[in-house]
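Understanding the architecture of this molecule
If you want the building blocks of each chain, they are given just below.
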Amino acid sequence: MIRKVIICVICAICGFASAQAQKFALVDMEYILKNIPAYERANEQLSQVSKKWQAEVDALTTEAQTMYKNYQNELVFLSAEQKKAKQDAIVEKEKQAAELKRKYFGPEGELFKKRTSLMTPIQDEIYNAIKDISELRGYQLVLDRASDTGIIFGSPKIDISNEVLGKLGYSN
């Protein structure tokens, strides 16, 4: 009899503990970001700056290609000294294009810095809203259904995306 009571108490405690561990929610970051005008403006600004910088890189690349074509056409008329000078000029122009591309689009380039400066405040604001809601509701885990986390199904009942938007001041 006492053994059955102890087993029941242990089962109840385990059941309670597992119920506590299952407090989680889902958010859809794509949905949230699409409904934040500042994010759309930042993306547009990044797109414009990226196009401008790409045009600069393309102009240098085209210039190097034109120099190479001209060099090929004039090759038979050039002295060894002139050939060397033109080759050096072409190589230098190609280096300039590559350096400009790295400066703008490299891993620590200007586009990365610009994206970080525009997006970090928005992401921090979303993170803080999710954190506040999680602390208020007692969620131990919040998953992003938009990422590749392997979520096959998530009940709309546990999706707090609209609540996050509401906390940020965007109703939907």
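Described below are features of the structure shown in this document. What you are looking at is a predicted structure, and each value in this text was computed from that prediction instead of being measured. (Residues numbered from 1 in each chain as written. Predicted model: local features only at pLDDT ≥ 70, side-chain atom pairs only at ≥ 80, totals over all residues. Heavy atoms only, no water.)

1. Overview of helix H3 (residues 37-74)
Compared with an ideal rise of 1.5 Å per residue, which puts 38 residues at 56 Å, H3 spans 55 Å between its outermost C-alpha atoms and is within 8% of the ideal. Among all positions of H3, only Tyr39, Ala42, Leu46, Val49, Trp53, Val57, Leu60, Ala64 and Tyr71 are buried. (Helix = DSSP H or I, 4+ residues; strand = E, 2+ residues; numbered from the N terminus. Expected span 1.5 Å × (residues − 1). Buried < 20%, exposed > 50% of the residue type's maximum accessible area, 1.4 Å probe, protein only.)

2. Some words on the packing of H3 against helix H5 (residues 110-137)
Packing of H3 against H5 leaves a shortest axis separation of 10 Å and a crossing angle of 175°. One way to sum up the angle between H3 and H5 is to call them roughly antiparallel. Residue-level contacts link Ala38, Tyr39, Ala42, Asn43, Gln45, Leu46, Val49, Ser50 and Trp53 of H3 to Glu110, Leu111, Lys114, Arg115, Leu118, Met119 and Ile122 of H5. Each residue belonging to the contact of H3 with H5 can be placed in one class, and the counts come to 10 nonpolar, three polar and three charged. (Axes fitted to C-alpha atoms, helices over the stretch in contact; angles between N-to-C directions. Parallel < 35°, antiparallel > 145°, perpendicular 65-115°, else oblique. Contact = heavy atoms within 4.5 Å. Nonpolar A, V, L, I, M, F, W, Y, C, P; charged D, E, K, R; others polar.)

3. So, the packing of aromatic side chains
Given two aromatic rings, one states the distance between the centres and the angle between the planes to describe the pair. The full count for this structure, using the stated rule, is three aromatic pairs. Taking 4.5 Å as the distance between ring centres and 5° as the angle between the ring planes, the aromatic pair formed by Trp53 and Tyr104 counts as stacked. Pair noted here: Trp53 is in helix H3 and Tyr104 is in helix H4 (residues 80-105), with a separation of 51 residues, a long-range link. Put simply, the rings of Trp53, Tyr104 and Phe105 touch in pairs and so form one group of aromatic residues. (Phe/Tyr/Trp six-rings, centres within 6.5 Å; stacked < 30°, edge-to-face > 60°.)

4. Here's the deal with the nonpolar core
Judged by nonpolar contacts, the single largest core of 28 residues is most densely connected at Val27, Ile32, Ile36, Ile126, Ile160 and Val164. Elements with a minimum of two residues in this core: strand E1 (24-27), helix H2 (29-34), H3, H4, H5 and helix H6 (161-168). Apart from residues no more than four positions distant in its own chain, Ile126 is found in contact with Met29, Ile32, Leu33, Ile36, Val164 and Leu168. (Core = buried A, V, L, I, M, F, W, Y, C linked by side-chain atoms within 4.5 Å.)

5. Thoughts on the packing of H5 against H6
Interaxial distance between H5 and H6 falls to 9 Å at its minimum, and their mutual angle equals 115°. One finds that H5 runs roughly perpendicular with respect to H6. The chirality of how H5 crosses H6 is right-handed. In this structure, H5 contributes Glu125, Ile126, Ala129, Ile130, Asp132, Ile133 and Arg137 to the contact, and H6 contributes Glu163, Val164, Lys167 and Leu168. Class assignment of the residues belonging to the contact of H5 with H6 gives a composition of six nonpolar, no polar and five charged. (Left-handed = near helix turned anticlockwise from the far one by under 90°.)

6. So, the pattern of salt bridges
A complete count under the given rule lists seven salt bridges for this structure. Ionic pairing is found between Arg102 and Glu99, a salt bridge with its closest N-O pair at 2.6 Å. Within this pair, Arg102 and its partner Glu99 are both found in helix H4, separated by three residues, close to a single helical turn. Judged by its relative accessible area of 40%, Glu99 falls in the partly exposed class. For Arg137, the salt bridge goes to Glu163, with nearest N and O atoms at 2.9 Å. Here the residue Arg137 occupies a position in helix H5, and Glu163 occupies one in helix H6, the gap between them amounting to 26 residues. Arg137 gets classed as partly exposed once you look at its relative accessible area, which sits at 39%. By relative accessible area, which is 26% here, Glu163 ends up partly exposed. (Salt bridge = Lys/Arg side-chain N within 4 Å of Asp/Glu carboxyl O.)

So far we have only geometry, and geometry alone does not tell us how the molecule works.
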